[in-house]
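Each chain is listed here by its residues.
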Amino acid sequence: MRIDVLSLFPEFFAASAEVGVVGRAIRQGLLQLHCHTPRDYTRDRHRRVDDRTFGGGPGMVMQVEPLREALTQVRAMAPEPALSIYLSPQGERLTQARVRQLAELPRLLLLCGRYEGVDERLVEHEIDLELSIGDYVLSGGELAAAVLIDAVGRLQEGALNRSESAAQDSFEDGLLDCPHYSRPEQDDYGAVPQVLMSGDHVAIERWRRKQALGRTWLRRPDLLARKSLTARERALLEEFRREWLAEQQ
Ligand code: 9D3
């Protein structure tokens, strides 16, 4: 996959391209990341990309022309058709289902807004999809684009090794992850749950599933409501609930 980013702060994405799973995917050639600034596509000598908002009020708006020029020229840098995405607070909320779908595409073109955002006419004519990463206020689209690059990048074929397998991801099966522990077995903060030290892989798998169900019930009832449980899962959750309620006494 190739990802092009249009941003007033292209240097923002240096870390995305270098560290962790996605940095490795880029070095392996599984993902290409190219960042561009609309300033390079301005015609005036002040390299201006923004202007005051029509109708009055505070804040500036990113103008059509530099962005149209940048989008057109960046599209032409590679033959693959690109899905254009505008990261914006007005967008559809990003989910793992959407991430999986986008990860299959040959090319994405991400537009990051600053100030009050982008002139709506540019959005209407050039943007295929508007995405938000959640209900909180950021100062621009860059962090949201970096989130999308990370989520999509790690799903590229060959990007994850066996221990990082996407099949194990929280949300892939609609549940939160179980708790994890490492050495030492005994610490001032407590002991590791005995079952994990037992070597009984059936019992361990059962405990992990029960914890995943229980934590989802406690912390994300919205996720549980959307999931249909097997008889075994309902029994595991019931067992978790009974123990949890007993602990609350
Ligand atoms: C202070 C400006 N606000 C006036 C009411 C509106 C506003 C404009 C631009 C609020 C935030 C932003 C910048 N945010 C993004 O570009 C953004 C974003 C976000 O803020 N939250 C969640 N997802 C995203 S994706 C892009």
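Asker: Even after reading the chapter, I still don't get the overall build of the protein, so can you show me in this structure?
Answerer: Assigned secondary structure in the protein consists of 9 helices and 9 strands. Over its C-alpha atoms the protein spans a radius of gyration of 23 Å, topping by over 25% the 18 Å that the globule rule assigns to 249 residues. Projected onto its principal axes, the C-alpha positions of the protein cover 70 × 45 × 40 Å. Every one of the 249 residues in the protein was classed for burial, and the buried ones make up 41%. Averaged over its 33 positive side-chain charges, the protein has a centre that lies 2 Å from the centre of its 39 negative ones.

Asker: Quick question: what am I supposed to make of the packing of aromatic side chains here?
Answerer: Two descriptors summarise a pair of aromatic rings, namely the distance from one centre to the other and the angle between the planes of the rings. Applying the stated criterion across every chain, the model contains 3 aromatic pairs. Relative to Phe13, the ring of Phe12 lies with its centre 5.4 Å away and its plane at 65°, an arrangement referred to as edge-to-face. On the basis of relative accessible area, Phe12 is assigned to the partly exposed category, the value being 36%. On the numbers, 5.5 Å between centres and 90° between planes, the contact of Trp217 with Trp244 is edge-to-face.

Asker: I keep staring at the site of the ligand and nothing clicks. Help me out?
Answerer: Surveying the vicinity of the ligand reveals 16 residues, the closest of which are Ile133, Gly134, Tyr136, Leu138 and Gly140. A distance of 3.4 Å separates a nitrogen atom of the ligand from a polar atom in the side chain of Ser132. One of the backbone nitrogen or oxygen atoms of Gly141 is found 3.2 Å away from an oxygen atom of the ligand. Compared with its free state, where it exposes 570 Å², the ligand has 70% of that area covered by protein. Elements supplying a minimum of two residues to the shell around the ligand: strand S5 (83-93) and strand S7 (129-132). Examining the composition of the shell around the ligand, we find that 3 residues originate from one element, S5, more than from any other. When the residues that make up the shell around the ligand are grouped by side-chain class, the tally is 9 nonpolar, 6 polar and 1 charged.

What counts and how
- Residues numbered from 1 in each chain as written.
- Predicted model: local features only at pLDDT ≥ 70, side-chain atom pairs only at ≥ 80, totals over all residues.
- Heavy atoms only, no water.
- Helix = DSSP H or I, 4+ residues; strand = E, 2+ residues; numbered from the N terminus.
- Rg over C-alpha atoms; globule rule 2.2 N^0.38 Å.
- Buried < 20%, exposed > 50% of the residue type's maximum accessible area, 1.4 Å probe, protein only.
- Lys, Arg positive; Asp, Glu negative; His and termini not counted.
- Charge placed at Lys NZ, Arg CZ, Asp CG, Glu CD.
- Phe/Tyr/Trp six-rings, centres within 6.5 Å; stacked < 30°, edge-to-face > 60°.
- Near = heavy atom within 4 Å.
- Polar contact = N/O pair within 3.5 Å; in protein donor to acceptor, adjacent residues only side chain to side chain.
- Areas by Shrake-Rupley, 256 points an atom, 1.4 Å probe, with all protein chains shown as cover.
- Nonpolar A, V, L, I, M, F, W, Y, C, P; charged D, E, K, R; others polar.

In short, shape yes, function no, at least from these values alone.
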